[in-house]
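Descriptive structure summary
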Amino acid sequence: MTTRKLGRSGIEVSALGLGCWAIGGPLWDETGQPWGWGEADDDESVRAVHRALDLGVTFFDTASNYGAGHSERVLGRALAGRRDSVVVASKFGYTFEESKRLAIGDDGTPAYMLSCLDGILARLGTDYLDLYQLHLGDLPIEQALDLVDPLEKLVAEGRIRAYGWSTDDPARAAAFAEAGPNCTAVQYDHSVLADNAAMVEVLARYELAGINRGPLAMGLLTGKYHGVAGRIGGDDVRGKSPQWLRYFTDGVPSPEWAALVDRVRQALTADGRTLTQGALGWLLARSPWTVPIPGVRTVAQAEENYATLALGPLSETAFVEVEQLLAELR
């Protein structure tokens, strides 16, 4: 139960991956909206990646725009000398200015997809990428399909091994999978608080890996923000929450969502797991195609998250109890 297949590619990965958004550090747009998770200690980030490797993690997911390329540089440093034993995914679509840590806009054209890959490989210090993902979740399907032939060519050239789409829309995921022989994954928001039954059906129908971003609901499912005085810092995306970020409001947990976490806490922790480990175990039990990617930036976080690999999926009894407790969300 400690490994899974990355969809129909057959690439073997650890059942839990490591999401690398947070280790990218700060990112801002021109309006002053933060798009990172605040300051990160690069040395501690490297130690966290190394600890995850020790605990059996082989799958690492980043994006070209995380920290305006900084996440890829830190990950490349951490994986130096170990590249052939890991699976690395990154994404394209959002444009940025690295020197200023500035988010600029988006570009879903084939030309940008190709030029972005050059930068990704340089920052990671590698000559190939295992999984290349379109990051623009709402790109019209017809524009996304224009990317399929160029992506297939990259597979044929050995520059990437497979590709996918980061989107919460099952119709978009299905269209990409139907068009692309080497499309093997969809990355989408999925946690015990945000199920997506239609997407899980698409995973099974097309044999796609479901890479679960937000598996801990932006940290809410760790429980560490419940009842804590003070707010998350203003350089953290949760501290100045954009409209889509429903779990936090101006740096504190949204009461209605925190109450739901408290409702399922006992069921998720009944077998001695922490709340975090229970939330990840729920995702592993949800579908054999799911691969959650919790973010870490400290050794302690890595140790708690990846102890779940040994614990495995949540029991059927606990899973059913959680579903009953959250019936109105489903």
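Below you will find a few notes about this structure. Bear in mind the structure is a predicted one, so any value in this text is a computation, not a measurement.

Turning next to helix α10 (residues 299-306). Within α10, burial applies to Ala302, Asn305 and Tyr306. The buried side chains of α10 occupy one side of the element, clustering within an arc of 80° when seen end-on. Packing partners of the buried residues in α10 comprise β3 (18-19), α1 (42-54), α9 (275-286) and α11 (308-311).

Turning to its location among the elements, Glu39 is positioned in the loop between β4 (28-29) and α1. By relative accessible area, Glu39 is classed as exposed at 61%. Sequence separation between Glu39 and Thr109 is 70 residues, and the spatial gap between their C-alpha atoms is 31 Å. Once residues lying within four places of it in the same chain are set aside, the contact partners of Glu39 are Pro26, Asp235 and Arg297.

Time to look at the environment of Val291. With respect to the helices and strands, the residue Val291 is situated in strand β15 (residues 290-292). When its relative accessible area of 0% is taken as the criterion, Val291 is described as buried. Sequence-wise, Val291 and Ala122 are 169 residues apart; in three dimensions their C-alpha atoms are separated by 26 Å. Other than its neighbours up to four places away in sequence, Val291 contacts Val13, Ser14, Ala15, Gly17, Phe59, Gly210, Ile211 and Asn212.

Here we come to the pairing of strand β12 (residues 209-213). With four of five residues buried, β12 is to be regarded as a mostly interior element. As defined by bridge partners, strand β11 (residues 183-189) adjoins β12 across five bridges and the pair is classed as parallel. Residue pairing for β12: Tyr188 is matched across the bridge by Asn212. Following the backbone out of β11, through helix α7 (residues 197-206) and into the adjacent parallel β12, one traces a crossover that is right-handed.

A full pass over the atoms with the stated rule returns 21 salt bridges. Here Lys100 makes a salt bridge to Glu97, at a shortest N to O gap of 3.9 Å. Residue Glu97 is classed as partly exposed on the basis of its relative accessible area of 28%. A salt bridge links Asp262 to Arg265; the nearest nitrogen and oxygen atoms lie 2.9 Å apart. With a gap of three residues between them, Asp262 and Arg265 both fall in helix α8 (residues 255-269), about one helical turn apart. Exposure remark for Asp262: the relative accessible area of 41% places this residue in the partly exposed category.

Our next topic: the sheet that holds strand β7 (residues 94-97). With mixed pairing, three strands are arranged side by side in an open sheet as β4-β8-β7. Edge positions in the sheet fall to β4 and β7, since each of these pairs with one other strand and no more. By the bridge criterion, four bridges tie β7 to strand β8 (residues 102-106) in an arrangement that is antiparallel. Within β8, the residue paired with Thr95 across the bridge is Gly105.

Enumeration over the complete set of coordinates arrives at zero disulfides. Cysteine Cys20 shares no disulfide, and the gap to the nearest cysteine sulfur, in Cys116, comes to 16 Å. For Cys20, a relative accessible area of 1% gives the class buried.

Here is what the cut-offs are and how they apply
- The residue numbers shown here count from 1 along each chain, following its written sequence.
- Local features are withheld for residues below a pLDDT of 70 in this predicted model, meaning they are given only at 70 or higher, and side-chain atom pairs are given and counted only at 80 or more; totals for whole chains, interfaces and linings count all residues.
- Computation of side-chain values: all heavy atoms of the structure, hydrogens and water removed.
- Note on classification: 1.4 Å probe, protein chains only; a residue is buried when its accessible area is under 20% of the maximum for its type, exposed when over 50%, partly exposed between these limits.
- Starting at the N terminus, helices and strands are each numbered in turn, a helix being any DSSP run of H or I of at least four residues and a strand any DSSP run of E of at least two.
- Relevant arc is that of directions from the helix axis to the C-beta atoms, nothing else.
- Contacts are assigned to residue pairs with any non-hydrogen atoms lying within 4.5 Å of each other.
- DSSP-based pairing: two strands are paired if at least 2 bridges between them are found.
- Seen with the strands pointing away from the viewer, any crossover whose path from the first strand over the helix to the second strand runs clockwise is right-handed.
- For salt bridges, the criterion is a side-chain nitrogen of Lys or Arg within 4 Å of an Asp or Glu carboxyl oxygen.
- Two cysteine sulfurs form what is called a disulfide whenever their separation falls within 2.5 Å.

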